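Each chain, written out:
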Amino acid sequence: MLAASPTRFVAQRISFRSSNTIPTIFLPPFPRGFPQRSVTKASQNARIVAAMSTTTTVNAVTDAGRGSITHVIFDMDGLLLDTEKFYTEVQEKILARYNKTFDWSLKAKMMGRKAIEAATLFVEECGISDSLSPEAFIVERESMLQDLFPTSDLMPGASRLLRHLHGKGIPICVATGTHTRHFDLKTQRHRELFSLMHHIVRGDDPEVKQGKPAPDGFLAAARRFEDGPVDPLKALVFEDAPSGVMAAKNAGMNVIMVPDPRLDKSYCGVADQVLASLLDFKPEEWGLPPFEDSQN
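It should be emphasised that the depicted structure is a prediction, and the values quoted were computed from it without experimental measurement. (Residues numbered from 1 in each chain as written. Predicted model: local features only at pLDDT ≥ 70, side-chain atom pairs only at ≥ 80, totals over all residues. Heavy atoms only, no water.)

**What to know about empty space enclosed by the protein**
In the structure shown here, the tally under the stated rule is 3 cavities of 30 Å³ or more. By volume, the largest cavity is sized at about 410 Å³. For the largest cavity, the lining is made up of 28 residues, of which Tyr87, Arg113, Ala115, Arg141 and Thr178 are closest to its centre. At the level of secondary structure, the elements contributing two or more residues to the lining of the largest cavity comprise helix H3 (84-96), helix H4 (104-110), helix H5 (115-125), helix H6 (134-145) and helix H8 (180-186). Of the residues that constitute the lining of the largest cavity, the class distribution is 9 nonpolar, 6 polar and 13 charged. Counted as a void, the second largest cavity has a volume near 90 Å³. Lining the second largest cavity are 17 residues, with Thr176, Gly177, Val208, Lys212 and Gly217 positioned closest to its centre. (1 Å grid on protein atoms, 1.4 Å probe; cavity = no way out; pocket = protein on both sides within 12 Å on 5 of 7 lines; lining within 4 Å. Points joined across faces, edges and corners; volume = space filled by probe spheres on them. Helix = DSSP H or I, 4+ residues; strand = E, 2+ residues; numbered from the N terminus. Nonpolar A, V, L, I, M, F, W, Y, C, P; charged D, E, K, R; others polar.)

**A look at unusual backbone geometry**
The omega torsion of the bond from Lys212 to Pro213 falls at 15°, within 30 degrees of zero and hence cis. Structurally, Pro213 can be placed in the loop between strand S3 (199-201) and helix H10 (216-223). The residue after Gly228, namely Pro229, is reached through a cis peptide bond having omega 0°. Although it is not a glycine, Asn99 sits at a positive phi angle of roughly 60°. Mapped onto the elements of the fold, Asn99 is located in the loop between H3 and H4. Classification of Asn99 by relative accessible area gives exposed; the value is 75%. (Buried < 20%, exposed > 50% of the residue type's maximum accessible area, 1.4 Å probe, protein only.)

**A closer look at the pairing of strand S2 (residues 172-175)**
Here S2 shows a buried face lined by Ile172 and Val174 and a second buried face lined by Cys173 and Ala175. In terms of strand pairing, strand S1 (residues 71-74) meets S2 through 3 bridges, oriented parallel. Looking across to S2, one finds that Phe74 is bridged to Val174. (Pairing = 2+ DSSP bridges.)

**Things to note about the sheet that holds strand S6 (residues 273-274)**
The 6 strands are arranged S3-S2-S1-S4-S5-S6 in an open sheet whose pairing can be described as parallel. At either margin of the open sheet sits one strand with a lone partner, and together these are S3 and S6. Where strand S4 (residues 235-239) meets strand S5 (residues 254-257), 4 bridges bridge the pair, whose relative direction is parallel. Bridge assignment links Leu236 to a residue of S5, and that residue is Asn254. Against the sheet, helix H7 (residues 158-167) makes contact with S1, S2 and S4, and its axis sits at roughly 155° relative to S1, the strand it touches most. (Contact = heavy atoms within 4.5 Å. Axes fitted to C-alpha atoms, helices over the stretch in contact; angles between N-to-C directions.)

**So, the environment of Val230**
Mapped onto the elements of the fold, Val230 is located in the loop between H10 and S4. In this structure, the C-alpha to C-alpha distance between Val230 and His71, residues 159 residues apart in sequence, is 7.7 Å. With near-sequence residues (within four places) excluded, Val230 lies in contact with Thr70, His71, Ala222, Phe225 and Ala235.

The following block contains the structure:
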């Protein structure tokens, strides 16, 4: 079942990309009225998904590039909190009524997006848009998620990494597509840990006009640090979703991807580094203070 607990596997690393050779990645224009159904929107979605799954060649990082990181930005769902399994579980139940199954190719497209964008993809790609509107899907899904979110667990290595960076004086923040009402439910068991963040940018923030893979959330996060806006090349983003990785690259930032092991590897090529778990992160590789323990 797709809702299984996270499974650790051997980390696969890809070489860092030099800070001098990071290409600017531009996606097709985002439709302002995303929920509106049209052939144009569908074709744009297809191009965005194609861009996310395109593998790019990465180059070796220079010593200067390794030491350039001064600020760290974290995604939340599936990266710090084990919440993606809840979405999978609920969406499987909804599709079961229509004798359809939910697979990871669709999940990869939905991850990290604003709710209405993900809902539109869901009902259209599953072929149930005549029976279930995106808005109705959101309402039904929310009613089922309300009881699940407060049980959210931390992902392996999340607490260790956040406490380490905060303790070493590295400014950290969260940039998530989650709206405030869901954020509060998901983090209610972990408020002390999230209080270590310098700030938190949520999906309903007025500066976030478009969801991932647009860079709005990460750019807003960079502006709000005390010494902001932070130079994008000095920011390191942690993400688990393909759209989030693209959002970070569209913001001109470095990005480490920690994908679910069930995600097709073709979605991982754009990231500067791919890890199996936050436990596998070595801060010194990015010029950040190393861990003082030997925990694996």
